[in-house]
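Single-letter residue listing:
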Amino acid sequence: TQVVESMAQHKLGNEEKARDLFQLAISNIPDDLSKLAESLKQDLLSTSEDLGETELAEVLKSDIANGSNNNNSEEATNKYHYLLLNGKGIRLYNTNHIYESIEYFEQAAENLPENISINMNAAQAILFHIKATGKNPELLERARNYLDISQKLDKNNQKYQKLEHIYSETSQ
């Protein structure tokens, strides 16, 4: 299967090939994850974790435990796809490709607006890009939008509070 091939590519150090195969495997997941063989469930979880896709791994664990992926294969596949895009954004951000990461975070946030982590990632990348390149009203507005969504989801979140502080400093 593509999951096994992805695991092999990861062990060989072919990260992009491993991620491409994993993305393909994710797109072929059936509606009811509880019906997958135990070994495939474990392979899905361990591969997502090995690839550093911790948020996706958590969602997969939840979907497996609940016995479904919302009973809508296309909706679940899209959710997993956008979580993988968020992961790509994180990798880019962590390697100081901040501007490039914004595109991935924004795509993921647009399609998973209820995910506070993705919205805060988008805001953070935009704010740190502004700090590095100078004030930009259009980018500030986009960051404000992601912060407003995050506030509605959980205004007491510590990362949200820190990002609000950075936004205040950046927008002055």
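Residues numbered from 1 in each chain as written. Predicted model: local features only at pLDDT ≥ 70, side-chain atom pairs only at ≥ 80, totals over all residues. Heavy atoms only, no water.

A. Spatial organisation of the overall build of the protein. For the protein, the helix and strand inventory stands at 9 helices and 0 strands. Seen in sequence order, the protein has helices and strands lined up from the N terminus as α-α-α-α-α-α-α-α-α. Seen along its three principal axes, the alpha-carbon backbone of the protein occupies a region of about 55 × 35 × 25 Å. Across the 172 residues that make up the protein, the buried fraction comes to 45%. Expressed as a percentage of contacts within the protein between residues at least 6 apart in sequence, the contacts between residues at least 24 apart total 58%. Roughly 9100 Å² of accessible area belongs to the protein as shown, and the carbon and sulfur atoms make up 48% of that amount. On the protein, the mean spot of the 17 positive side-chain charges and the mean spot of the 27 negative ones are 5 Å from each other. (Helix = DSSP H or I, 4+ residues; strand = E, 2+ residues; numbered from the N terminus. Buried < 20%, exposed > 50% of the residue type's maximum accessible area, 1.4 Å probe, protein only. Contact = heavy atoms within 4.5 Å. Areas by Shrake-Rupley, 256 points an atom, 1.4 Å probe, with all protein chains shown as cover. Lys, Arg positive; Asp, Glu negative; His and termini not counted. Charge placed at Lys NZ, Arg CZ, Asp CG, Glu CD.)

B. Region of interest: the pattern of salt bridges. Throughout the structure, instances matching the rule amount to 11 salt bridges. Glu 58 serves as the salt-bridge partner of Lys 61, at 3.4 Å between the closest nitrogen and oxygen. With Lys 61 and Glu 58 both in helix α4 (residues 54-65) and 3 residues apart, this pair spans about one turn of that helix. For Lys 61, a relative accessible area of 34% puts it in the partly exposed group. (Salt bridge = Lys/Arg side-chain N within 4 Å of Asp/Glu carboxyl O.)

C. Looking closely at the nonpolar core. The biggest cluster of nonpolar side chains holds 47 residues, and the ones touching the most others in it are Ile 26, Leu 56, Leu 60, Tyr 80 and Leu 127. The biggest single contributor to this core is helix α7 (residues 116-133), with 9 residues. (Core = buried A, V, L, I, M, F, W, Y, C linked by side-chain atoms within 4.5 Å.)

D. Looking closely at the packing of aromatic side chains. Counted by the stated rule, this structure contains 1 aromatic pair. Ring centres of Tyr 93 and Phe 128 lie 6.5 Å apart, and the angle between their planes is 85°; on these two criteria the pair is classed as edge-to-face. Placement of the pair is Tyr 93 in helix α5 (residues 73-94) and Phe 128 in helix α7, with a sequence separation of 35 residues. We classify Tyr 93 as buried; its relative accessible area is 16%. Across the ring face of Tyr 167, the terminal group of Arg 144 is positioned such that the distance to the ring centre comes to 4.7 Å. (Phe/Tyr/Trp six-rings, centres within 6.5 Å; stacked < 30°, edge-to-face > 60°. Lys NZ or Arg CZ within 6 Å of the ring centre and 35° of its normal.)

E. Fine view of the side chain of Glu 106. You can see Glu 106 is positioned in helix α6 (residues 98-111). Those residues in contact with Glu 106, other than ones at most four positions away along the chain, are Ala 122, Ile 126, Arg 142 and Tyr 146.

F. Looking closely at helix α1 (residues 2-11). Val 3, Ser 6, Met 7 and Gln 9 are the residues of α1 that are buried. Buried residues in α1, looked at end-on, bunch into an arc of 165°, giving them a common side. Against α2 (15-27) and α3 (38-50) lie the buried residues of α1. (Arc of directions from axis to C-beta.)

G. Summary view of the environment of Glu 5. Within the secondary structure layout, Glu 5 lies in helix α1. According to the relative accessible area criterion, Glu 5 is partly exposed, its value standing at 43%. Put simply, Glu 5 and Thr 133 are 128 residues apart on the chain and 41 Å apart in space, counted from C-alpha to C-alpha.

H. Looking closely at the packing of α1 against α2. Look at α1 against α2: their axes get within 8 Å of each other, and the N-to-C directions meet at 165°. Compared by their axis directions, α1 and α2 come out roughly antiparallel. Crossing of α1 over α2 shows left-handed handedness. Residue-level inspection shows Gln 2, Val 3, Glu 5, Ser 6, Gln 9 and His 10 of α1 in contact with α2, the latter providing Glu 15, Lys 17, Ala 18, Leu 21, Phe 22, Leu 24 and Ala 25. Within the contact of α1 with α2, the residues separate by chemical class into 6 nonpolar, 4 polar and 3 charged. (Axes fitted to C-alpha atoms, helices over the stretch in contact; angles between N-to-C directions. Parallel < 35°, antiparallel > 145°, perpendicular 65-115°, else oblique. Left-handed = near helix turned anticlockwise from the far one by under 90°. Nonpolar A, V, L, I, M, F, W, Y, C, P; charged D, E, K, R; others polar.)

I. Inspection of unusual backbone geometry at higher detail. Positive phi outside glycine occurs at Asn 96, with the angle close to 65°. Here Asn 96 shows up in the loop between α5 and α6. Since its relative accessible area comes to 66%, Asn 96 is described here as exposed.

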